[in-house]
Amino acid sequence: MMQANAEYHQSILAKQQKKFGEEIARLQHGTDLVKTIASRYDEYINVKDLSDKISRALTAAKKDNDFIYHDRVPDVKDLEPIGKASLVKSTPVTVPMSQKFTDLFAKMVPLAVQQALSIYNQRRADLVNRMIAQMRESTNLTNGILASLNLPAAIEDISGDSIPQSILEKSSSVIRQGGLQTIDQLIRDLPDLLQRNSEILDESMRILEQEEITDNELKTKFKERWQRTPSNELYKPLRADGANFRNTLNRAVQADKVVRERYAAHSEIIALLCKPEAELNTAIPSGNPTRSLQGSEVVTLLKTLLASLNEVKKERETLENDLKSVEFDMSSKFLTALAQEGAINEEAISVTELDRIYGGHTDKVQKNLKKQEELLANIQTAHEEFSKSTQSNTDANQREEILKKLAAAHDQFVELVANLREGTKFYNGLTEILLKFQTKCSDIVFARKTERDELLKDMQQSMAREPSAPNLATPAYQTAVSINESTSGPTPAPRTVFQPKTQTPECSPSSSSVCENQPKPQPPARPPPPSVGSTYAPTSYGTVTGTSAPASAPTSAPVSASPALIGGTGMPSQAQGPPYPSYQGYPGYYQMPMPMGYGQFGYGQYNMPYVYQPPGQPPFQSAQQPQQPGYPYPQQQYYQQ
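Residues numbered from 1 in each chain as written. Predicted model: local features only at pLDDT ≥ 70, side-chain atom pairs only at ≥ 80, totals over all residues. Heavy atoms only, no water.

### Looking at the overall build of the chain
And then number 1: Of the regular secondary structure elements, the chain holds 16 helices and four strands.
And then number 2: Considering only contacts in the chain between residues 6 or more positions apart, those separated by 24 or more positions represent 84%.
And then number 3: Surface summary for the chain: the accessible area is close to 43200 Å², and the carbon and sulfur share equals 54%. (Helix = DSSP H or I, 4+ residues; strand = E, 2+ residues; numbered from the N terminus. Contact = heavy atoms within 4.5 Å. Areas by Shrake-Rupley, 256 points an atom, 1.4 Å probe, with all protein chains shown as cover.)

Right under this line is the structure:
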């Protein structure tokens, strides 16, 4: 099939190349291939479309070649084989295949190396954090000293009328950061974050306490049957974690209280710093210090020292970034030590490498801190000379105090915003941790509940299998009686002894008194079952005639006259008989009622089975009127005469 398609497309290529003979030869070969497919695989492959397409192309090609081109048609064997088409182009494999590729096995190291790397990273983090903390503490100390000296505002406010440039820059910085609105919003968010964390923690501890109460109740109820780990022992690690989280929240609440107090103390001066330049200039008292100080050596010295101090602070920021960006892979060092010595002396290797890597940065930090101390000492000395040179008057002192407060307000604003944002970040991070803690508590409580249900089910099943009362010992006399009864023979069941019937004198109309004294005659006994093929015909009420029925039924003796009655109670004497006295006439026999809708002339009725009445057996005396006796077999259809 594929070869036929290839020949067809190759014929199109030959036609484009003006090779009309080759076109005809390939189309003929394609036709032969299609015929072969149709003869062998016609049931599985439909080649009609391809066959029609090749036939039309072959007819057109032959016609054009016969009338126009007259090109020689080569033999199929002489045709060039169809070449292979390159559908894709192979490219060399580059390693790695992607720029984002990361080898998952490149960082796999032995356990000893991994532990050494963990300790080394901890040492490195402690060293870097310690140096950064020293530099930040020095920066805060510098800002506090300059604010107390009212620098650089004091040397910028020589005129006493305009706002110092440093104060204007600080005011602009506070306004860009949102001023009091930013602080108010951050403070309003803190209670919500704190409440959310408190609720999560309270819910986690509540489900633990609830499950523990349930477990204690079941333990009290079932006592030694309740065999499982007590909840108070199982939940000790979780309760310890909950207590740590609670202490953390309490410390955070205290820190928030401190931040609010600081904000309340500096809110007025921060609000003044947020005002426009005109209102700020109006709020600052004007002073008239000596104008001769402009361009003096003291002012120039202070400006030079302050500029040097600013350069020290900028250099400190650069050092902090350099400390954070230093990276060094110690895995090769530890692997070499493990291969050479068979063990890793982590402390010696780590201390040596940390000194080598961070030794230069440590020296720069110490030099920076020492240079700051020298500059601060020179600034304080120069400021004392500057203070002596200024005129001491009330307005100048008030102006200086306001400028000091404004400079300190800027620092307080920056610190408050940093603290509040750090607190918000802390609460958000704590929320994720508490959610994981709550999930852990919920999972363990659910597992305990499942275990409790299964244990209760097992206990119920075991209690159901236990005997409800203890086995009582059988008295000796009951055991003797049961042994005697088991050894003695079977007791015969009672049986009625049928007595011969006696003749009852007939009564005439003339002897009515005699008839009154005679007992009431019993109803006639039921006739024996008829033989198959006998015919019945209905007669008078209560009688049946048939070929196999007896002509007359003897009357049984009266009950009072029967010598078999015992004590006149109607109870017949007992003798050996069948084991179950359920036949008619026995005192325990009760006649079953007739079916519903009984009719003596109903066609297709089936009544109670016939019970044989032995001669002389008195029938059962029913208290109610006996129903019409039925026939043991379906009656013949009754036709009206």
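Let's pick the thread back up.
### A closer look at the confidence of the model for the chain
And then number 1: Of all residues in the chain, 69% attain a pLDDT of 70 or more, and the chain-wide mean is 75.
And then number 2: Ranking the elements of the chain by mean pLDDT puts strand β3 (residues 544-546) last with 41 and helix α3 (residues 48-69) first with 91.
And then number 3: Long-range and interchain partners of residues 500-516, a stretch whose pLDDT sits below 50, account for seven contacts in this model, where long-range means more than four residues apart.
And then number 4: Scored below 50 in pLDDT, residues 602-607 shows ten contacts in the model against residues more than four places distant or in partner chains. (pLDDT = per-residue confidence, 0-100.)

### Side note on the side chain of T431
And then number 1: Along the polypeptide, T431 turns up in helix α14 (residues 394-465).
And then number 2: There is a polar contact of 2.7 Å between the side chain of T431 and the backbone oxygen of Y427.
And then number 3: With residues up to four places along the chain from it excluded, the contact list for T431 reads R196, N197 and I200. (Polar contact = N/O pair within 3.5 Å; in protein donor to acceptor, adjacent residues only side chain to side chain.)

### Some points on the packing of helix α1 (residues 2-16) against α3
And then number 1: At a minimum axis distance of 11 Å, the contact between α1 and α3 shows a crossing angle of 30°. Regarding the angle of α1 to α3, the classification is roughly parallel. Here the hand of the crossing between α1 and α3 comes out left-handed. When α1 is examined against α3, the residues A4, N5 and Y8 are found in contact with a partner set consisting of L50, K53, I54 and A57.
And then number 2: Its residues assigned to classes, the contact of α1 with α3 comprises five nonpolar, one polar and one charged. (Axes fitted to C-alpha atoms, helices over the stretch in contact; angles between N-to-C directions. Parallel < 35°, antiparallel > 145°, perpendicular 65-115°, else oblique. Left-handed = near helix turned anticlockwise from the far one by under 90°. Nonpolar A, V, L, I, M, F, W, Y, C, P; charged D, E, K, R; others polar.)

### Concerning unusual backbone geometry
And then number 1: You will see that K18, though not glycine, has its phi angle at about 65°, which is positive.
And then number 2: As for its placement among the helices and strands, K18 is situated in the loop between α1 and α2 (20-41).
And then number 3: Even without being a glycine, H70 presents a positive backbone phi close to 55°.
And then number 4: Relative to the assigned elements, H70 resides in the loop between α3 and α4 (111-148).

### A word on the packing of aromatic side chains
Within a pair of aromatic rings, the relevant descriptors are the distance that separates the centres and the angle that separates the planes.
And then number 1: By the definition in use, this model includes four aromatic pairs.
And then number 2: A ring pair is formed by F222 and W226, whose centres lie 5.9 Å apart and whose planes are at 20°; its orientation type is stacked.
And then number 3: In this structure W226 comes out as buried when scored by relative accessible area, which is 1%.
And then number 4: The interplanar angle of 75° and the centroid separation of 5.4 Å between the aromatic rings of F245 and F437 together place this pair among those described as edge-to-face. Note that F245 is positioned in helix α9 (residues 236-273) and F437 in helix α14, a separation of 192 residues in sequence. Across the pair, F437 and F245 agree in class, each one buried.
And then number 5: A cation sits over an aromatic face here: R356 above F328, 5.1 Å from the ring centre. (Phe/Tyr/Trp six-rings, centres within 6.5 Å; stacked < 30°, edge-to-face > 60°. Buried < 20%, exposed > 50% of the residue type's maximum accessible area, 1.4 Å probe, protein only. Lys NZ or Arg CZ within 6 Å of the ring centre and 35° of its normal.)

### Focus on α4
And then number 1: Over its 38 residues, α4 runs 56 Å from end to end, which matches the ideal 56 Å to within 8%, given 1.5 Å per residue.
And then number 2: Once α4 finishes, N150 follows within two positions and takes phi at roughly 60°, a positive value. (Expected span 1.5 Å × (residues − 1).)

### A few points about the pattern of salt bridges
Oppositely charged side chains can form a pair if their charged atoms are brought close together.
And then number 1: Applying the stated criterion across every chain, the model contains 20 salt bridges.
And then number 2: The partner of R26 in a salt bridge is E7, and the shortest N-O contact between them spans 3.1 Å. Of the two residues, R26 is situated in helix α2 and E7 in helix α1; the sequence distance between them amounts to 19 residues.
And then number 3: R26 sits in the buried class, given a relative accessible area of 3%.
And then number 4: Among the ionic pairs, R136 bridges to E320, the shortest N-O distance being 2.7 Å. A residue pair is termed long-range when its members are at least 10 positions apart, and R136 in helix α4 and E320 in helix α11 (residues 297-325) qualify at 184 residues.
And then number 5: A residue is classified by how much of its surface remains accessible, and E320, at 13% relative accessible area, is buried.
And then number 6: Among the ionic contacts, a cluster of salt bridges with common partners joins E211, D215, R228, R448 and E451. (Salt bridge = Lys/Arg side-chain N within 4 Å of Asp/Glu carboxyl O.)

### Digging into the environment of R136
And then number 1: Residue R136 is classed as partly exposed on the basis of its relative accessible area of 45%.
And then number 2: Taking the C-alpha atoms as reference points, R136 and R316, 180 residues apart in sequence, are found 8.6 Å from one another.
And then number 3: Apart from the residues within four sequence positions on either side, R136 is in contact with E320 and K324.
And then number 4: In this structure the side chain of R136 is engaged in a polar contact, spanning 2.7 Å, whose partner is the side chain of E320.

### Quick look at the packing of α2 against α3
And then number 1: Close contact between α2 and α3 brings their axes to 9 Å; oriented N to C, the two are set at 150°. By the angle between their directions, the pair α2 and α3 is classed as roughly antiparallel. Seen from above, α2 lies across α3 with left-handed handedness. Contacts between α2 and α3 involve F20, E23, I24, L27, Q28, G30, T31 and V34 from the first element and L50, S51, I54, A57, L58, A61, K62, N65 and Y69 from the second.
And then number 2: Residue composition of the contact of α2 with α3, grouped by class: ten nonpolar, five polar and two charged.

### What about the nonpolar core?
And then number 1: Residues I167, I183 and L406 are the most contacted members of the largest nonpolar core, which totals 44 residues.
And then number 2: Those elements that provide at least two residues to this core are α6 (165-176), α7 (180-222), α9 and α14.
And then number 3: Take this core: its biggest share by element is 14 residues, from α14.
And then number 4: Setting aside chain neighbours within four positions, we find L406 in contact with I167, I269, L272, L273, L280 and I284.
And then number 5: Core analysis: the second largest hydrophobic core is formed by 21 residues, L127, M135, V326 and L354 among them. (Core = buried A, V, L, I, M, F, W, Y, C linked by side-chain atoms within 4.5 Å.)

### Details of the side chain of N197
And then number 1: Looking at where N197 falls in the secondary structure, it is placed in helix α7.
And then number 2: Polar side-chain contacts of N197 include one of 3.3 Å to the backbone oxygen of Y427.
And then number 3: Those residues within four positions of N197 in sequence are excluded, and the remaining contacts are L249, Y427, L430, T431 and L434.

### Thoughts on the environment of Q438
And then number 1: Locating Q438 in the fold gives a position in helix α14.
And then number 2: The exposure class of Q438 is partly exposed, given its relative accessible area of 21%.
And then number 3: When neighbours within four sequence positions are excluded, Q438 is seen to be in contact with I200, E203 and S204.

### Quick word on α11
And then number 1: End to end, α11 covers 42 Å across 29 residues, agreeing with the expected 42 Å (1.5 Å per residue, within 8%).
And then number 2: Those residues of α11 lying buried are V298, V299, L302, L305, L306, L309, V312, R316, L319, E320 and L323.

### With respect to a nonpolar patch on the surface
And then number 1: A cluster of nonpolar residues, M1, M2, Y41, Y44 and I45, forms a patch on the protein surface that exposes about 580 Å² of accessible area.
And then number 2: Within the secondary structure layout, M1 lies in the segment before α1.
And then number 3: The class for M1 is partly exposed, based on a relative accessible area of 35%. (Patch = residues over 30% accessible without salt bridge, like charges linked within 9 Å, V, L, I, M, F, W, Y side chains within 5 Å.)

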